[in-house]
Amino acid sequence: MIIEHKLVIADMKLVADFRRYILYWKKRFAEQPITDFCSVIKTNSEAPLEEQENYFLLCDVLPEDRLLREQLQQKRLREILEQQQRERYDISFRSMCMFCDQEFTGNRSVLLNHMAREHAFNIGLPDNIVNCCEFLAVLQEKLDNLQCLYCEKVFRDKNTLKDHMRKKQHRRINAKNKEYDKFYIINYLEFGKSWEEVQSEDDRELLDNLEEDWSDWEEHPVCAVCLFCEQQADTTEKLYLHMQKSHGFDFPKIKSEHGLNFYQQVKLVNFIRREIHHCRCYNCQKKFQSKGELISHMEKTKHITLLPARSTWDQPQYYFPTYENDTLLCTLSDSEDLITEDQREDIPVVSEDISSLKALKESSVLNQLLSEENKSQKKF
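What you are looking at is a predicted structure, and each value in this text was computed from that prediction instead of being measured.

J.: Run through a nonpolar patch on the surface, naming residues and quoting values.
T.: Taken together, the side chains of Met1, Met12 and Phe18 make up a nonpolar region of the molecular surface, amounting to roughly 260 Å² of accessible area. Tracing the backbone shows Met12 in the loop between strand 1 (7–9) and helix 2 (18–31). Assessed through its relative accessible area of 37%, Met12 is described here as partly exposed.

Here is the structure:
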């Protein structure tokens, strides 16, 4: 249309139904001259008359064009909402999970909730999604092509892709990929605006209405799970108190006595979770038929309070969580938090002379530490 007919349509991406839009204006241009509707843009205005060209701009400055765009937008919104309503109550849905071999039938929400809960893959609430089957097919095709859904890199095999998405926490979609916009209701809600613009307006409105009084603000509950049973608590303090009273395991005390930093706490939690999962006492290594028998043994023998040698659990393999979305790991704090201001003042800070870097390296305390580390490794 630009090359052959010199017609420029402004903001094409905001036209909800391009086919109907074009058919409407084709009919109108047949009824009246194009200049009755379009602004005329003259190119090469300083050139000779025969070298000048007129282009015609069709945009929503024209009331008729804007009304047409709004009507097409409203029609598409009605169609999308009707489709979403059908999907909400559809019980004929059938699909395999993209991350395991489990098949789901009934309603789409069962599969979406399963992937969010079991595989930490959350594409949004089911009620916010439309054309779900097509959406899942698009995502499945990318995985079949060994493509990461977030960074969109392609890998050589399926196992490499799975490891990458797990380790890099890429079990999510790329929000900047416009291919996914059509699967979210929010992108159809307001004429001429993307979901990012709608969201930013909501955020600004929230900030405008925000009052200075924060007295009624409540922290979102963490719902961390006990290391030894299924008990949950909405704060770490309550969880620590439960483990101390019910199981005799005083995590803050262990943390303080052993001087555990953040990463050591992570490894200890993951180690305990793994041993409990395998129904094995982490002190005497005795295995049991059930978790209940294990905990009863550990409480009676006081093994629950006795940690094994640090070399047993302070290993790189325990950086990785035993369970996905283990909220307790997110609430751990560094042991430095336990140091008071008075204690900090007692710690001297001595500057080193860096005039001779070679001499500094030779006399550095790191050499002694490395030597001791090498000796300890030879023993094992």
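J.: If you had to explain unusual backbone geometry to someone new, which residues and values would you point to?
T.: Phi is positive for Ala120, close to 55°, though the residue is something other than glycine. Along the chain, Ala120 turns up in the loop between helix 4 (108–119) and helix 5 (132–144). Of the residues examined, Ala120 reaches a relative accessible area of 30% and is grouped as partly exposed. Residues other than glycine seldom take positive phi values, yet Leu146 does so here, at roughly 60°. Topologically, Leu146 is positioned in the loop between helix 5 and helix 6 (158–167).

J.: Explain the UniProt feature "domain: C2H2-type" (unreviewed entry) in the protein to me, and be specific about the residues and the numbers.
T.: Per the UniProt record, "domain: C2H2-type" (unreviewed entry) is annotated on residues 146–175 and 277–308. For residues 146–175, helix accounts for 33% and strand for 0%, while the C-alpha atoms at its two ends are 19 Å apart. Across residues 277–308, the secondary structure splits into 34% helix and 0% strand, with the terminal C-alpha atoms separated by 17 Å.

J.: Describe the side chain of Gln264, naming the residues involved and giving the relevant values.
T.: Locating Gln264 in the fold gives a position in helix 10 (residues 262–277). With relative accessibility at 14%, the residue Gln264 sits in the buried group. If we ignore the near neighbours within four places in the chain, the residues touching Gln264 are Gly259, Arg310, Trp313 and Asp314.

J.: How would you explain helix 10 if you had to name every residue and give the values?
T.: Between the first and last C-alpha of helix 10 there are 23 Å, a value that for 16 residues agrees with the 22 Å anticipated at 1.5 Å per step. For helix 10, the set of buried residues is Gln264, Gln265, Val266, Lys267, Leu268, Val269, Asn270, Phe271, Ile272, Arg273, Glu275 and Ile276. Looking at the buried positions of helix 10, the neighbouring elements they touch are strand 6 (224–225), helix 9 (251–258), helix 11 (291–300), helix 12 (310–313) and helix 13 (327–330). The N-capping residue of helix 10, defined by a side-chain oxygen 3.1 Å from the backbone nitrogen of Tyr263, is Asn261. Directly after helix 10, the chain includes Cys279, whose backbone phi takes a positive value near 55°.

Conventions we followed
Residues numbered from 1 in each chain as written. Predicted model: local features only at pLDDT ≥ 70, side-chain atom pairs only at ≥ 80, totals over all residues. Heavy atoms only, no water. Patch = residues over 30% accessible without salt bridge, like charges linked within 9 Å, V, L, I, M, F, W, Y side chains within 5 Å. Areas by Shrake-Rupley, 256 points an atom, 1.4 Å probe, with all protein chains shown as cover. Salt bridge = Lys/Arg side-chain N within 4 Å of Asp/Glu carboxyl O. Helix = DSSP H or I, 4+ residues; strand = E, 2+ residues; numbered from the N terminus. Buried < 20%, exposed > 50% of the residue type's maximum accessible area, 1.4 Å probe, protein only. UniProt positions renumbered as here; feature names shortened; annotations may be inferred. Contact = heavy atoms within 4.5 Å. Expected span 1.5 Å × (residues − 1). Polar contact = N/O pair within 3.5 Å; in protein donor to acceptor, adjacent residues only side chain to side chain.

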